[in-house]
Amino acid sequence: MEQTFLMVKPDGIQRGLVGEIISRFERRGFKMVAGKLETLPEARVLEHYAEHAQKPFFPGLKSYIMSGPCFLMVWEGKNVVQISRDMIGATNPMESAPGTVRGDYALEIGMNVIHGSDSVETAKREISIHFTPAECSSYTRIDEVYLYE
Ligand code: DAT
Ligand code: MG
């Protein structure tokens, strides 16, 4: 089954949004298979955001993402990568649709509450940066019989 990497960023932790965000993905039918609260070490920030390392906003992004703990998760389910991106909303919260996480809880691109992998390949890469296989659980959710036909 497809997996994605989601991370509530430090603003989401400080604003008490972790439970609300987890609920959205749980209720949609996705399954959390790993989760941990952690302040990211610099090496992992550089690896995670390698594609942005040369961009002008990167120093600000790095200090923001390391400013406090994040909540890191692996989620599993049918088409979870794309559906999570849709549930998260556009990168700039000014353009995020109402009903999305960013469209409901954020105002600025530099504090947009949550990260989600942008493709299946990216998800694999990001999961392996932040989690060991032993940290990911394999289990059946009891309601899967009413989620998948
Ligand atoms: P996303 O998080 O939607 O995948 P991204 O991968 O393009 O967006 O960028 C990663 C993060 O970097 C994004 O969540 C917020 C920040 N960011 C992106 N573009 C930015 C910009 N022009 N100015 C400031 N921060 C930016
Ligand atoms: Mg991205």
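Rules behind the numbers
- Residues numbered from 1 in each chain as written.
- Chains lettered and ligands numbered in written order.
- Predicted model: local features only at pLDDT ≥ 70, side-chain atom pairs only at ≥ 80, totals over all residues.
- Heavy atoms only, no water.
- Pairing = 2+ DSSP bridges.
- Helix = DSSP H or I, 4+ residues; strand = E, 2+ residues; numbered from the N terminus.
- Axes fitted to C-alpha atoms, helices over the stretch in contact; angles between N-to-C directions.
- Buried < 20%, exposed > 50% of the residue type's maximum accessible area, 1.4 Å probe, protein only.
- Phe/Tyr/Trp six-rings, centres within 6.5 Å; stacked < 30°, edge-to-face > 60°.
- Contact = heavy atoms within 4.5 Å.

Pairing in this open sheet of four strands is antiparallel, and the strands run β2-β3-β1-β4 from one edge to the other. With one partner strand each, in any of the chains shown, β2 (31-38) and β4 (114-116) form the two edges of the open sheet. When the angles between neighbouring strand axes are averaged without regard to direction, this sheet yields 15°. For strand β1 (residues 3-8) and strand β3 (residues 70-76), the ladder comprises six bridges, and the chain directions are antiparallel. Each residue of the ladder has a partner; that of Q3, found in β3, is E76.

The next point concerns unusual backbone geometry. You will see that N79, though not glycine, has its phi angle at about 60°, which is positive. Within the element layout of this structure, N79 appears in the loop between β3 and α5 (80-88). N79 sits in the partly exposed class, given a relative accessible area of 41%. Positive phi outside glycine occurs at V113, with the angle close to 75°. Classification of V113 as buried rests on a relative accessible area of 0%.

Applying the stated criterion across every chain yields a total of two aromatic pairs. Relative to F131, the ring of F5 has its centre 6.4 Å away and its plane inclined at 65°; by these criteria the two rings are edge-to-face. Taken as a pair, F5 in strand β1 and F131 in the segment after α7 (120-130) lie far apart in primary sequence, 126 residues in all. Of the two residues examined, F5 and F131, each falls in the buried class. For the pair F25 and W75, a centre-to-centre distance of 5.8 Å together with 45° between the ring planes defines the contact as tilted.

With that settled, consider α5. All buried positions along α5 are accounted for by V80, V81, I83, S84, M87 and I88. Residues of α5 that are buried make contact with β1, α2 (18-28), β3, α6 (101-105), β4 and α7. Looking one or two residues beyond α5, the residue adopting positive phi is G89, at roughly 95°.

This paragraph deals with the environment of F71. Position of F71 relative to the elements: it lies in strand β3. Note: C-alpha distance between F71 and G29 (42 residues apart in sequence) is 20 Å. If we ignore the near neighbours within four places in the chain, the residues touching F71 are L6, M7, V8, I13, V18, I22, M32, G35, K36 and L37.

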